[in-house]
Number of protein chains: 4
Amino acid sequence: MPVTKKAGVLGATGSVGQKFILLLAEHPDFELYKLGASVRSAGKPYAEAVKWRQTATIPESARQLVVVGCKASEFADCDVVFSGLDSDVAGDIEKEFKEFGLVVISNAKNYRREPDVPLVVPLVNSSHLDVVARRVKQARAAGTKPGYIICNSNCSTAGLVVPLGALMARFGDISDVTVTTLQAISGAGFSPGVLGFDILDNVIPYISGEEEKLEWETKKILGSVAEDDSFALRSSMTVSAQCNRVAVSDGHLECVSIKFATTNKPSVEDVKQALRDYICESQTLGCPSAPKQCIYVLDEVDRPQPRLDRNRDNGYAISVGRVREDPVFDFKFIVLSHNTVIGAAGSGILIAETLFKKGLL
Amino acid sequence: MPVTKKAGVLGATGSVGQKFILLLAEHPDFELYKLGASVRSAGKPYAEAVKWRQTATIPESARQLVVVGCKASEFADCDVVFSGLDSDVAGDIEKEFKEFGLVVISNAKNYRREPDVPLVVPLVNSSHLDVVARRVKQARAAGTKPGYIICNSNCSTAGLVVPLGALMARFGDISDVTVTTLQAISGAGFSPGVLGFDILDNVIPYISGEEEKLEWETKKILGSVAEDDSFALRSSMTVSAQCNRVAVSDGHLECVSIKFATTNKPSVEDVKQALRDYICESQTLGCPSAPKQCIYVLDEVDRPQPRLDRNRDNGYAISVGRVREDPVFDFKFIVLSHNTVIGAAGSGILIAETLFKKGLL
Amino acid sequence: MPVTKKAGVLGATGSVGQKFILLLAEHPDFELYKLGASVRSAGKPYAEAVKWRQTATIPESARQLVVVGCKASEFADCDVVFSGLDSDVAGDIEKEFKEFGLVVISNAKNYRREPDVPLVVPLVNSSHLDVVARRVKQARAAGTKPGYIICNSNCSTAGLVVPLGALMARFGDISDVTVTTLQAISGAGFSPGVLGFDILDNVIPYISGEEEKLEWETKKILGSVAEDDSFALRSSMTVSAQCNRVAVSDGHLECVSIKFATTNKPSVEDVKQALRDYICESQTLGCPSAPKQCIYVLDEVDRPQPRLDRNRDNGYAISVGRVREDPVFDFKFIVLSHNTVIGAAGSGILIAETLFKKGLL
Amino acid sequence: MPVTKKAGVLGATGSVGQKFILLLAEHPDFELYKLGASVRSAGKPYAEAVKWRQTATIPESARQLVVVGCKASEFADCDVVFSGLDSDVAGDIEKEFKEFGLVVISNAKNYRREPDVPLVVPLVNSSHLDVVARRVKQARAAGTKPGYIICNSNCSTAGLVVPLGALMARFGDISDVTVTTLQAISGAGFSPGVLGFDILDNVIPYISGEEEKLEWETKKILGSVAEDDSFALRSSMTVSAQCNRVAVSDGHLECVSIKFATTNKPSVEDVKQALRDYICESQTLGCPSAPKQCIYVLDEVDRPQPRLDRNRDNGYAISVGRVREDPVFDFKFIVLSHNTVIGAAGSGILIAETLFKKGLL
């Protein structure tokens, strides 16, 4: 009989929370156990509290769960808590949960820059979780509960770092990255989200804080762990981002140009092969949500496209297309990632699966 | 009493042709005189021949004009002929018109690379028309009709070169340009155009031939005229383009990064001021369609946007926003241009107005 | 020198308020004098207080006006006050304004059902304003200020009643009306409005309260004024409505089936002619915003369409198309109206112009 | 070991053809055996011949199949041929196939009105297939091949007739039906299909031939089989349709009003219960694609919605919502059906499964 872990979800009625619930509903390792939301929702069965906006119907295992407030004591029995909280409340709540001894996997931006908090895109830098492993071991030895927070990245960062990481693993440092994003509206959540009147027949060429996140998070995720278990940014890499919101429901498309540090440039075919060959730890560990293929490299001239390719491997895989030489840099290509799966809730799930496989939950 | 010139339109039922007709309908200098289309349409009143797709109604001056075939003899009385023909037929037809002694202003790509054909974005390089002026003078002296072709640029090129030209005029050479476009579907025309099923909830990250045009045309337009009246490409500039089609009806948005050749970098405020100060010849000549302001520099953090800004100065002005420093290059900013006005038909009209003001029609 | 009246706008930062400001900005009869909004906005110049979402830029006459709170005393000098308030606050505020002696033309639903408040679509039942005329005369005779409220209709009602009124004027009573609407998202305002994620690739087949309004308001607008100046519903008419929200920015399309009370049925051509012949009082009075033609009857098989036809006569005209026999009722046809012009702010402006022409302001 | 039948697909590269291929790819009863398309495609592997537009990738079983021309002799070994041909070519080809002795299940409109051709929506009138059963029996007795054509209905008809049929089965005749449709763009196919420029920010209130089909087919499908095996229209029912194209990829929404012939009106709850109770023959026969539930009756006030509900039971189920009394008729409600599954290819598959279960293939 399989052992399952009790999972809580914070911000359960929001955009990311709904996705967490969908992904956990029939999960082999996790049991949907507690749903937390605002005071307005607390006390109601989930099906009444939520304005459900997913194409799949509300899972039966969530429908009748009574929503509770976001108090750590309510989640005391949870083995892991997934946070889809908005950043304006995530700071205090996640801190309380951590201090209570709980494991929080957060989609909020609040603690991403903390020097002792891993910022993890599980297809790329699950090795950063080793820092947590050491802390858990110490806590267990001391007989205490090792409360900790792990952050998943911003949605647009997740798509970018996977091919960058794959290429660096094969060809060494990348010195310069220019990226222009075409981001889906689900990335803005539902409250307030992007107004239909603003995005119909339009592009909004600005997303608050997004470019800074993309330029900075990339360097932490692709950075290294220092001897003292702090995270060192990859300072040899410069990233420049321009972010746009487009009329797409799900799926962030990114147009990327890169320059390698090496003067011994690979060929276009080398680059494609390196992306295709790339394997990540969640695959080798046999995590149930790990994609069959981390990176699909498409040869069709006009792919990937959000509507056609966002759901590859249930949204856990990255698609890359149009790999070609760049007259200014070395190479340019496009990346598509599902912003609410591998770019948000799904990344959290895969982090939890990795922790579980490593015996850290 | 004002003298007006007789204008013909080739490809009158297509996307660009419809726009030519709208722009010519109440024009002070030009009279809508001949409409040419395919054999299928010839012989019908325009209102019957066309599947009209514009928000303004069919102009009265076009409604009853009987469409003719695209034969030069039919257009013998025209002082200027605007071509909105598809490239698969434009080559032969425009050549016939030119050899017949007619002035053709073409939106087709066929002759843009010819060494003796000016490729003109009238807000930037109307000086290239001087080559034509010399040829017209010779022909008139010889008593012959100086048939010639002038091409306007590709729609995405038009938006890019205006701020580049303005900045080069103030700060000297730009060595590197990276541009990612988010292009409107009207740019693909109507036959076949972009299918609704393909673009709804989607981005198509590829436009056939577009990146090559953007990378190459920019260098001809911003290049110089040699002593022998041939056009010299600006070889000191390298351009890298990534082109996308998005669910926008009109208005191309472009995310641009640039690097100046000079080591004496201007400030962000210098760049904005140079763009705001920029004046073009169609303004000083008093061309009726010239924009009041060539380049609007917007200070709002999320502008320009296609729906809100594409119609500035009736679509003849360029909007620039989000001018800021670029960690990889020197500066990045976004450009919005109306792809069927200054990016296509309107550019042709402004070229014709310039020729008219200079006595070359 | 023309006399202009001082105009105030309540709810000036909202969807309807922005439209009022655009329509008043260069109005020959009215001067933009006071802008009222929530406490959050009060004290700021309008350009700072508003998140402007119109394609035209903020009018200069509004840009620097300092927004005030919605207190009657602040608007004491106004000859007319246009209210674009949300219904949750409109009730108290409009009442206070009326009791203060001000003339309020309201887009809110709160007082539409009041027996002494005219509910007016100015292309149809401006005769209902006679009730106000009598009250104004009495007040002026008594030397008091005749504060009163006039409501314009719900946006989807405005489009429907114009052709119904025109046909009843020619052919007598209509006994049955079935209408299915396809309504634009601007009709839902901006706060919260319709979420992009909810409407992209979707239809929302429900608009809260809309069907009741459409079924009820139609009978008041097409009803009569009783001897005691109360409004009598047209009880001989039954209306059934189904309302949908579609991915259109502006322009409500309505599919209508009607049955005349008479057994002497007109022909399709009779119906079309009656619609084309229809003239309303705002036209005969020479109101500056009155449409050139009240109802455009289009003969093209696939028109009217929102994007192509919503702006006829600046959004003050109604378009009707596809008039044909109905196998169940007598006739069916489609109606298009601009929901934020003739369906909201523009209707208020035209009511004010009518009052002004009649000497009631 | 299961016996599978060899299936051919005509028009394999088109919109309906692609869907047939997806639905057949892993089908337990049918094997994808022959793919037919135009001369332009013949001879190429399917993956090269097709411009694939589905979110699922091309099935492996289709990818390498070499496309053939639409000649009956090429399909001689097929037990059943699914036709997704355009109506301009379907007439001749399907006739040739039938005369060759093949079983053709067609999505084209050409033979729907033939008195000896069943027009079948398998959730409603699979009993009409009995006519074929008798003919097959005779042919087999005579030792000949019983070539025949069965048509599935127009896409918008399929959604309408299911609830109508369910209600008639419980409450007897329906005398009047008024329906306004909001139809997805996939219903128009891909060649030419609906242009993005025409449908973005717009509604097209006309679909050629659609209203006639909806008004007529409904009466054949809900009609009876006469003694001589001809199909008698249900003349006691009058249907009036208004059809619109909206910016939705898949899923037709229909706003329906109905009047029962009986004076003994059911209640709203009766109507909902009758819809929920409805069971069709494909369910009782155990057809693999039969929906778990024929009609889902949703109680949420704003459902069904195309994006959220079109894929219920893989697109084979119908969703009904907003069942309420109608002030003009008896009841009104909305219906959602997946236009390319139960409204087109899926209907064909379910017809074939029914034939197979009945031993008629």
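Positions within a chain are numbered from 1, following the residues in the order the chain's sequence is written. As they are written, the chains are lettered A onward and the ligands numbered 1 onward, keeping that order. Predicted model: local features are reported for residues with pLDDT of at least 70 only, side-chain atom pairs are reported and counted for 80 or more only, and whole-chain, interface and lining totals are derived from all residues. Computation of side-chain values: all heavy atoms of the structure, hydrogens and water removed.

1. Considering the domain arrangement of chain A
Residue and element names in this part refer to chain A.
Working step 1: What counts as a domain boundary in this text is fixed by an automatic or database domain assignment. Per the domain assignment, the segments making up chain A are domain 1 (5–154 + 345–357) and domain 2 (155–338).
Working step 2: Summarising the inter-unit geometry, the C-alpha centres of domain 1 and domain 2 are found 24 Å apart.
Working step 3: Counting residues at the interface gives 37 residues for domain 1 and 38 residues for domain 2.
Working step 4: Contact between domain 1 and domain 2 buries roughly 3000 Å² in total, counting both sides, with carbon and sulfur atoms accounting for 61%.
Working step 5: In this description, buried area is defined as the sum, over both parts, of the accessible area (probe of 1.4 Å) that is lost when the two are combined. When residues of domain 1 are sorted by the area they lose upon contact with domain 2, Leu123, His128 and Asn154 head the list and together hold 25% of the total.
Working step 6: A side-chain nitrogen of Lys or Arg and a carboxyl oxygen of Asp or Glu constitute a salt bridge if their distance falls within 4 Å. Counting across the domain 1 and domain 2 interface gives two salt bridges.
Working step 7: Arg112 is the partner of Glu217 in a salt bridge, and the nearest nitrogen-oxygen pair spans 2.8 Å.
Working step 8: Between N or O atoms, a polar contact is any pair within 3.5 Å; within protein, one atom must be a potential hydrogen donor and the other a potential acceptor, and residues adjacent in sequence are included only when both atoms are from side chains. On the surface where domain 1 and domain 2 come into contact, there are 15 residue pairs in polar contact (both at pLDDT 80 or more).
Working step 9: Each helix is a run of H or I in the DSSP string that is no shorter than four residues. Each strand is a run of E no shorter than two, and both are numbered from the N terminus. Looking at the side of domain 1 that touches domain 2, the elements with two or more residues in it are α1 (15–25), α5 (130–142) and α12 (341–357). Note on contacts: a residue pair is in contact if any heavy atoms of the two residues lie within 4.5 Å.

2. Looking at the interface of chain C and chain A
Working step 1: Taken together, the contacts link 17 residues of chain C with 17 residues of chain A.
Working step 2: Buried surface at the junction of chain C and chain A, both sides included, amounts to about 1400 Å², of which 72% is carbon and sulfur.
Working step 3: For the chain C face of the interface with chain A, the top three residues by lost area are Leu195, Phe197 and Leu200 of chain C, together amounting to 46%.
Working step 4: Here Asp198 of chain A makes a salt bridge to Arg53 of chain C, at a shortest N to O gap of 2.7 Å.
Working step 5: Across the chain C-chain A interface, the total number found is four residue pairs in polar contact (both at pLDDT 80 or more).

3. Digging into the environment of Arg234 of chain B
Residue and element names in this part refer to chain B.
Working step 1: Structurally, Arg234 is set in the loop between β9 (231–232) and β10 (238–245).
Working step 2: Between the alpha carbons of Arg234 and Leu22 there is a distance of 35 Å; along the sequence they are 212 residues apart.
Working step 3: In contact with Arg234, other than residues within four places in its own chain, are Met168, Asp173, Lys219, Leu222 and Gly223.

4. Topic: the UniProt feature "active site" (unreviewed entry) in chain A
All names here are of chain A.
Working step 1: Taken from the UniProt record, the annotation "active site" (unreviewed entry) applies to Cys155 and His252. For this annotated set, covering 98 residues, all C-alpha atoms fall within 8.1 Å of each other, a compact arrangement in space.
Working step 2: Those residues in contact with Cys155, other than ones at most four positions away along the chain, are Gln183, Glu210, His252, Ser337, Asn339 and Gly343.
Working step 3: Following the sequence through the fold, His252 ends up in strand β11 (residues 252–260). UniProt positions are given in the numbering used here, feature names are shortened, and annotations may be inferred rather than shown by experiment.

5. Notes on the pairing of strand β6 (residues 148–152) of chain C
Each regular strand carries side chains that alternate between the two faces of the sheet.
Residues and elements named next belong to chain C.
Working step 1: Buried residues are those whose accessible area, probed at 1.4 Å on protein chains only, stays under 20% of the maximum for their type, while exposed residues exceed 50% and partly exposed ones sit between those limits. In terms of residue burial, β6 counts as a mostly covered element, since five of its five residues are buried.
Working step 2: Burial along β6 is two-sided: Tyr148, Ile150 and Asn152 facing one way and Ile149 and Cys151 facing the other are all buried.
Working step 3: For two strands to be treated as a pair, DSSP must find at least two bridges joining them. Pairing of strand β4 (residues 103–106) with β6, which is carried by four bridges, proceeds in the parallel orientation. Looking at the pairing, Val103 lines up with Tyr148 of β6.
Working step 4: If the strands point away from the viewer and the path from the first strand over the helix to the second runs clockwise, then the crossover is right-handed. Running through helix α5 (residues 130–142), the crossover from strand β5 (residues 119–120) to the neighbouring parallel element β6 is right-handed.

6. Quick notes on the packing of helix α6 (residues 155–171) of chain D against helix α9 (residues 268–277) of chain D
Residue and element names in this part refer to chain D.
Working step 1: Orientation is described by axes fitted as lines to C-alpha atoms, over the contacting stretch for helices, and by angles from 0 to 180 degrees between their N-to-C directions. As a packed pair, α6 and α9 sit with axes 9 Å apart at the nearest point and diverge in direction by 110°. As summarised for this structure, α6 and α9 are arranged roughly perpendicular, according to the angle between their axes. Handedness of the crossing formed by α6 with α9: right-handed. Residue-level inspection shows Pro163, Ala166, Leu167, Arg170 and Phe171 of α6 in contact with α9, the latter providing Asp270, Val271, Ala274, Leu275 and Asp277.
Working step 2: In this classification, the charged set is Asp, Glu, Lys and Arg, the nonpolar set is Ala, Val, Leu, Ile, Met, Phe, Trp, Tyr, Cys and Pro, and all remaining amino acids, among them Gly, are polar. For the contact of α6 with α9, the per-class residue count stands at seven nonpolar, no polar and three charged. Here the angle decides the label: under 35 degrees means roughly parallel, over 145 means roughly antiparallel, 65 to 115 means roughly perpendicular, and every other value means oblique. Left-handed describes a crossing in which the near helix is turned anticlockwise from the far one by less than a right angle; the clockwise case is right-handed.

7. What about the relation of the copies chain A and chain B?
Working step 1: Superposing chain A onto chain B requires a rotation of 180° together with a translation of 0.0 Å along the rotation axis, leaving an RMSD of 0.0 Å. Read as a symmetry element, the transformation amounts to a two-fold axis. Copies are brought into register by a least-squares superposition over C-alpha atoms of residues with pLDDT of at least 70 in both.

8. Concerning the relation of the copies chain C and chain A
Working step 1: Aligned on chain A, chain C shows an RMSD of 0.0 Å; the corresponding rotation is 180° and the shift along the axis is 0.0 Å.
Working step 2: Both copies contact each other with a shared surface, as 100% of the interface residues of chain C are interface residues in chain A too.

9. Digging into the interface of chain A and chain B
Working step 1: Contacts between the two partners involve 48 residues from chain A, matched on the other side by 49 residues from chain B.
Working step 2: Of the roughly 3600 Å² buried between chain A and chain B on both sides combined, carbon and sulfur atoms contribute 54%.
Working step 3: Looking only at chain A, the three residues that lose the most surface to chain B are Asp201, Gln242 and Arg307 of chain A, adding up to 18% of its buried area.
Working step 4: In this structure, the connection of chain A to chain B is made through eight salt bridges.
Working step 5: Linking Glu215 of chain B and Lys332 of chain A is a salt bridge whose minimum nitrogen-to-oxygen distance equals 2.9 Å.
Working step 6: Between chain A and chain B we count 28 residue pairs in polar contact (both at pLDDT 80 or more) in total.
Working step 7: Those elements giving two or more residues to the side of chain A that touches chain B turn out to be β7 (174–183), α8 (210–221), β10 (238–245), β11, α11 (306–309), β13 (318–325) and β14 (331–337) of chain A.

10. Notes on the nonpolar core
Considering soluble globular proteins, one finds that nonpolar side chains tend to be buried as a cluster.
All names here are of chain A.
Working step 1: If you look at the biggest cluster of nonpolar residues, it comprises 102 residues, and the most contacted ones within it are Tyr46, Leu167, Ile258 and Ile295.
Working step 2: Counting residues domain by domain, this core receives three or more from each of domain 1 (5–154 + 345–357) and domain 2 (155–338).
Working step 3: The contact partners of Ile295, leaving out residues within four places of it in the chain, are Val162, Pro163, Ala166, Leu275, Arg276, Tyr278, Ile318 and Val320. Nonpolar cores are built from buried Ala, Val, Leu, Ile, Met, Phe, Trp, Tyr and Cys residues. Side-chain atoms within 4.5 Å join them into one set.

11. Thoughts on the sheet that holds strand β1 (residues 5–10) of chain D
Residues and elements named next belong to chain D.
Working step 1: Taken in spatial order, the seven strands line up as β3-β2-β1-β4-β5-β7-β6 in an open sheet, and their pairing is parallel. Both outer strands of the open sheet, β3 (68–69) and β6 (119–120), are each paired with one neighbouring strand and no more.
Working step 2: In this structure, β6 lies alongside strand β7 (residues 148–152), joined through two bridges in parallel fashion. Within the sheet, the bridge partner assigned to Val120 lies in β7 and is Asn152.
Working step 3: Set on the sheet, helix α4 (residues 87–99) makes contact with β1, β4 (80–83), β5 (103–106) and β7; between it and β5 the angle comes to about 150°.
Working step 4: The strands touched by helix α12 (residues 341–357) within the sheet are β1, β2 (30–37), β4, β5, β6 and β7, with β7 carrying the most contacts at an inclination of about 135°.

12. Regarding the sheet that holds strand β14 (residues 331–337) of chain B
All names here are of chain B.
Working step 1: Taken together, six strands build an open sheet; the order of strands is β10-β7-β11-β14-β13-β12 and the sheet is mixed. Only two strands of the sheet have a single partner each, and these edge strands are β10 and β12 (295–298). If you compare each strand with its neighbour and ignore which way they point, the axes differ by 20° on average.
Working step 2: In this sheet, strand β13 (residues 318–325) lies alongside β12 in parallel orientation, the contact comprising four bridges. Bridged to Val297 within β13 is Val320.

13. As for unusual backbone geometry
Residue and element names in this part refer to chain B.
Working step 1: At the junction of Ser191 and Pro192, the peptide bond is cis and its omega measures out at 5° in the coordinates.
Working step 2: Turning to its location among the elements, Pro192 is positioned in the loop between β7 (174–183) and α7 (196–199).
Working step 3: The backbone phi angle of Asp313 is positive, close to 50°, even though this residue is not glycine.
Working step 4: Examined against the element boundaries, Asp313 turns out to sit in the loop between α11 (306–309) and β13.

14. Some points on the side chain of Arg322 of chain D
Working step 1: By the element assignment, Arg322 of chain D lies in strand β14 (residues 318–325).
Working step 2: Owing to a relative accessible area of 11%, Arg322 of chain D belongs among the buried residues under this scheme.
Working step 3: For Arg322 of chain D, the side chain forms a polar contact with the main-chain oxygen of Pro205 of chain C, separated by 3.1 Å.
Working step 4: Of note is the side chain of Arg322 of chain D, whose polar atom sits 2.7 Å from the side chain of Glu211 of chain C.
Working step 5: For Arg322 of chain D, the residues in contact, after removing those within four places along its chain, are Pro205, Tyr206, Glu211 and Cys243 of chain C together with Leu298, Val301, Arg303, Lys332, Phe333 and Ile334 of chain D.

15. Quick look at the UniProt feature "domain: Semialdehyde dehydrogenase NAD-binding" (unreviewed entry) in chain A
Working step 1: As recorded in UniProt, the feature "domain: Semialdehyde dehydrogenase NAD-binding" (unreviewed entry) lies at residues 6–132 of chain A.
Working step 2: Summarising residues 6–132 of chain A: 28% helix, 17% strand, and an end-to-end C-alpha distance of 20 Å.

16. Here we look at the pairing of strand β1 (residues 5–10) of chain C
Residue and element names in this part refer to chain C.
Working step 1: Among the six residues in β1, five count as buried, and that is most of the element.
Working step 2: In terms of strand pairing, β1 meets strand β2 (residues 30–36) through six bridges, oriented parallel. When the bridges of β2 are listed, Lys5 appears paired with Phe30.
Working step 3: As a crossover connection, the stretch from β1 through helix α1 (residues 15–25) into β2 is right-handed.
Working step 4: Two strands pair when backbone bridges link them, and β1 and strand β3 (residues 80–83) are joined in this way by four bridges, in the parallel orientation. In the sheet register, Leu10 faces β3, and the bridge partner there is Ser83.

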